[in-house]
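Structure assessment
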Amino acid sequence: MTKYIVVTGGVLSGLGKGIAAASIGQLFSQDYKVVPIKCDGYLNVDPGTMNPVEHGEVFVLEDGTEVDMDFGHYERFINTSCTGRQNLTMGKVFHELYLREREGDYLGKTVQFVPHATNYILNWWKGIGEEQEADIVLIEIGGTVGDMENELYLEAARRLQAKEGKENVMFVHLTYVPIPAGVNEQKSKPTQQSVSLLMQRGIYPDILLPRCSEMVTPAIKRKIAMFCNVSEQAVISAIDVDSVYKIPLVFQEQGLVEQINVRLQLYARPDLSEWEKLIDAQEEAVKEITIALCGKYTALEDSYASVVEALKHCEAHEKVHVVIKWVDTEHIDEESIAAELKGVQGVIVPGGFGSRGIEGKIEVIRYCREQKIPYLGLCYGLQLAVVEFARHVMGLDAHTTEIDADTPEPIIDILPDKKDLHNLGGTLRLGAYPALLEKNSLAFSLYQQAEVSERHRHRYEVNPAYHSLLEKYGLTISGKSPDGRLVEFIELSDHPYFIATQAHPELKSSLLHPAPLFQGLVKAAKDISEKTLK
Ligand code: GLN
């Protein structure tokens, strides 16, 4: 029998519902097959076109579906690879209902939110559980209880419990316990009100996770338990932590696993010792290195969430503390660059689109190449490294046609067979693709294997007409697509660490297994800082 854990949030957004759900998933994933599902209330079919400043990073799954950052948490914590069907949006629900209605599937009936939309949602959840043979389906409902756009998900969840039985469906609710300035004590009222909103919808939470800057006191736990109709043991502090990876430990210490085991008749006994060891190593690291993250959306760290996480994953393995310096390349030029990158031991130019800040990025790459500062280019960071090399080493008036369609040397371009598709609205190359690595390359030594697979999200490529010329001038093309047409990895040999990839290896990095290119960068940066100290 499949079990369902439904995670909702109350009071305000941004409390870390994704992390809470991912942590619950992790605690059960050693003993059971946990399949996470995220339900978003918005009417976009997927977040692919949403502005990352507003919505955070676009995360790409193996199958190429564009989803939101929460999938990054799920995959990193639960050690699973999700499919696009695990993300449901109201856009998808309405689109499908509309198509069915036009096809005449409803046989003349009035198509209604209840039961048609709610049944559609409920059957989607059950369908995913069946097709993936899940022991536990973990459903995160986006937004905050009371938001109009998530009502249908809540109604579907209520129905799910009625249909599948109480012993198979439980509710976990994340809330907020503020400590108002001046009052200086924990306040439970917002939690009470948020649970009351849930109860009005026929949902009775089994476990409450009050987020608070400190552990919730026994007295407040008692109060919450009394007003919200749960036991005191079912009130589990979601305390602020300096690393999200501590949350599974925080939950485990307070007995969350036992609570869920009893409620759903499960027998999970998670062993978090390896996880704990890595977190301790991260904390104990005293040595500090600074990596500059050079981009356009530096105003919002969430737009580069996976890049930041991938750097953090290296800390325990390389025994350093990584400080990230955010560099907005819109305000960088030849004059200011040395000052801007002073004290920096490594640089990343991450993925991006469009022209803002692009000359600054090229300048940053030039500086890293010439001053021998470790450099990692991700997607746009590879394309711009090739443009920089073409301009300053090969002396070409080169550009990417993404920015200058009439450039005399279109060294980054859309491949001819994709151009027609582009005219029809443009297609991104999305999802996992394999690459073959050159045996004696840096890329090979980092991955320790000849065939690798990473996820992609791009439209442009290194123009095949320039491959041999680039190599003639000393750029190593160290990884290509199996048919040899697409450049996947480039590097420089007369440099301590200069490597770039057309892919986004940050999307597959985890605390237990950091992405090799990131670990290589952190190690190179550490070596440099040790040399400077001597
Ligand atoms: N803008 C570039 C392209 O479309 C790079 C995309 C990216 O960095 N994700 O190919």
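So, here's what we can say about the structure. As the structure is a computational prediction, the values presented were derived from the model and not from experiment.

Each value, and the rule that gives it
Residues numbered from 1 in each chain as written. Predicted model: local features only at pLDDT ≥ 70, side-chain atom pairs only at ≥ 80, totals over all residues. Heavy atoms only, no water. Near = heavy atom within 4 Å. Polar contact = N/O pair within 3.5 Å; in protein donor to acceptor, adjacent residues only side chain to side chain. Areas by Shrake-Rupley, 256 points an atom, 1.4 Å probe, with all protein chains shown as cover. 1 Å grid on protein atoms, 1.4 Å probe; cavity = no way out; pocket = protein on both sides within 12 Å on 5 of 7 lines; lining within 4 Å. Sits in = over half its atoms within 2 Å of the grid points. Helix = DSSP H or I, 4+ residues; strand = E, 2+ residues; numbered from the N terminus. Nonpolar A, V, L, I, M, F, W, Y, C, P; charged D, E, K, R; others polar. Core = buried A, V, L, I, M, F, W, Y, C linked by side-chain atoms within 4.5 Å. Buried < 20%, exposed > 50% of the residue type's maximum accessible area, 1.4 Å probe, protein only. Contact = heavy atoms within 4.5 Å. Pairing = 2+ DSSP bridges. Salt bridge = Lys/Arg side-chain N within 4 Å of Asp/Glu carboxyl O. Right-handed = clockwise from strand over helix to strand, strands pointing away. Patch = residues over 30% accessible without salt bridge, like charges linked within 9 Å, V, L, I, M, F, W, Y side chains within 5 Å. Lys, Arg positive; Asp, Glu negative; His and termini not counted. Charge placed at Lys NZ, Arg CZ, Asp CG, Glu CD.

Looking at the site of the ligand
- Taken together, Gly351, Gly352, Phe353, Cys379, Tyr380, Gln383, Glu402, Arg457, His458, Arg459, Tyr460 and His504 are the residues near the ligand.
- At a separation of 3.0 Å, an oxygen atom of the ligand approaches a polar backbone atom of Arg459.
- In isolation the ligand exposes 290 Å². Once the protein is present, 99% of that is buried.
- Most atoms of the ligand, that is more than half of them, are within 2 Å of grid points of the largest cavity.
- For the shell around the ligand, the elements supplying multiple residues, two or more each, are helix H15 (380-392) and strand E17 (451-458).
- Among the residues forming the shell around the ligand, the class breakdown is 4 nonpolar, 5 polar and 3 charged.

Describing the nonpolar core
- Ranked by internal contacts, the top residues of the largest apolar core, which has 62 residues, are Ile5, Ile24, Phe28, Leu209, Phe251, Leu256 and Ile260.
- Top contributing element to this core by residue count: helix H1 (residues 17-29), with 7 residues.
- If we ignore the near neighbours within four places in the chain, the residues touching Phe251 are Ala20, Ser23, Ile24, Leu27, Leu209, Ile236, Ser237, Ala238 and Leu256.

Examining the side chain of Asp413
- If you trace the backbone, Asp413 turns up in strand E15 (residues 409-413).
- By relative accessible area, Asp413 is classed as buried at 11%.
- A distance of 2.8 Å separates a polar atom in the side chain of Asp413 from a polar atom in the side chain of Thr401.

Looking at the pairing of E17
- Across the 8 residues that make up E17, a large majority, 6, are buried.
- Summarising the sheet, strand E16 (residues 429-437) and E17 pair through 8 bridges and their orientation is antiparallel. The residue of E17 that forms the bridge with Gly431 is His456.

Quick notes on the sheet that holds strand E14 (residues 398-400)
- Reading across the sheet, the 3 strands line up as E14-E15-E18 and stay open at both edges, with mixed pairing between neighbours. Whereas interior strands pair on both sides, the edge strands pair on one side only; in this sheet they are E14 and strand E18 (461-462).
- Summarising the sheet, E15 and E18 pair through 2 bridges and their orientation is antiparallel. Across the sheet, residue Asp413 finds its bridge partner in E18, namely Glu461.

Description of the pattern of salt bridges
- All chains considered together, the criterion is met by 27 salt bridges.
- The partner of Arg211 in a salt bridge is Asp240, with the nearest N and O atoms 2.7 Å apart. Of this pair, Arg211 sits in strand E8 (residues 207-212) while Asp240 is found in the loop between strand E9 (238-239) and helix H9 (247-253), placing the two residues 29 residues apart along the sequence.
- A relative accessible area of 24% means that Arg211 is categorised as partly exposed.
- Between Glu283 and Lys246 there is a salt bridge, and its shortest N-O distance comes to 2.6 Å. Residue Glu283 is located in helix H11 (residues 273-284), and its partner Lys246 is located in the loop between E9 and H9; the two are separated by 37 residues in the primary sequence.
- Among the residues examined, Glu283 registers a relative accessible area of 49% and is labelled partly exposed.
- Linked by salt bridges that have partners in common, Lys38, Asp40, Asp68 and Asp70 make up one network.

Brief notes about the pairing of strand E13 (residues 375-378)
- Residues of E13 alternate between two faces, with Tyr375 and Gly377 on one and Leu376 and Leu378 on the opposite face, all of them buried.
- As defined by bridge partners, strand E12 (residues 346-349) adjoins E13 across 3 bridges and the pair is classed as parallel. Bridge pairing links Val349 to Gly377 in E13.
- Handedness of the crossover joining E12 and E13 through helix H14 (residues 358-371) is recorded here as right-handed.
- As judged from the 4 bridges shared by E13 and strand E21 (residues 498-501), these two strands associate in the parallel manner. Across the sheet, Gly377 pairs through a bridge with Ala500, a residue of E21.

Thoughts on a negative patch on the surface
- A cluster of acidic residues, Glu253, Glu276, Asp280 and Glu284, forms a negative patch at the surface.
- For the negative patch, the element with the most residues is H11, which contributes 3 residues.
- Turning to its location among the elements, Asp280 is positioned in helix H11.

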